[in-house]
Amino acid sequence: MRQGIVKSAKPDKTIIVRIDSARRHRMYKKIVHSSTTLHAHDEQNEAHEGDRVRVIESRPLSRTKRWRLVEILERAR
């Protein structure tokens, strides 16, 4: 399970989620930020841009979709 912010909800039944992570650099001990994007299946088209969502890994649903929407944690303002 991962949490992220919906970057795009334009495709039908699909959302594109940005997952941000921060970790400490091994040598320099600075905080290094990185982000990844993934495509998640949204059956009812209920998530919109800016929403904070939780997704879970699943079987391949299409060429790019390997995740499913579990719940919407916070709606965008």
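Counting of residues starts from 1 at the beginning of each chain's written sequence and follows it residue by residue. Note on the predicted model: pLDDT of at least 70 is required for a residue's local features to be given, and 80 or more for side-chain atom pairs to be given and counted; whole-chain, interface and lining totals, by contrast, use all residues. In computing side-chain properties, one takes all heavy atoms of the structure into account and sets aside hydrogens as well as water.

Asker: Account for the pattern of salt bridges, with residues named and values stated.
Answerer: Once the charged atoms of two side chains with opposite charge are near each other, the side chains can pair. Salt bridges are counted wherever a side-chain nitrogen of Lys or Arg sits within 4 Å of a carboxyl oxygen of Asp or Glu. Scanning the model with the defined rule gives four salt bridges in all. Arg54 is the salt-bridge partner of Glu71, the closest N and O atoms lying 2.5 Å from each other. With Glu71 in strand S5 (residues 65-74) and Arg54 in strand S4 (residues 52-57), the pair connects residues that are 17 residues apart, well separated along the chain. Here the term buried applies to any residue with accessible area under 20% of the maximum for its type, exposed to any over 50%, and partly exposed to those in between, with areas from a 1.4 Å probe on protein chains only. Judged by relative accessible area, Glu71 falls into the partly exposed class, the value being 33%. Where helices and strands are cited, they refer to DSSP runs of H or I of at least four residues and of E of at least two residues respectively, numbered from the N terminus.

Asker: I'd like a description of the pairing of strand S1 (residues 2-8), backed by residues and values.
Answerer: Here, any two strands with at least 2 DSSP bridges between them count as paired. Strand direction decides the pairing type here: S1 and S4, joined by four bridges, are antiparallel. Along S4, the bridge assignment pairs Arg2 with Val55. Both S1 and strand S2 (residues 14-24) contribute to a ladder of three bridges, which runs antiparallel. Each residue of the ladder has a partner; that of Ser8, found in S2, is Ile16. Linking two consecutive strands that pair antiparallel, namely S1 and S2, is a turn of five residues; a positive phi of about 60 degrees is found at Lys13 within it.

Read these as layout, nothing more, since geometry by itself doesn't imply function.
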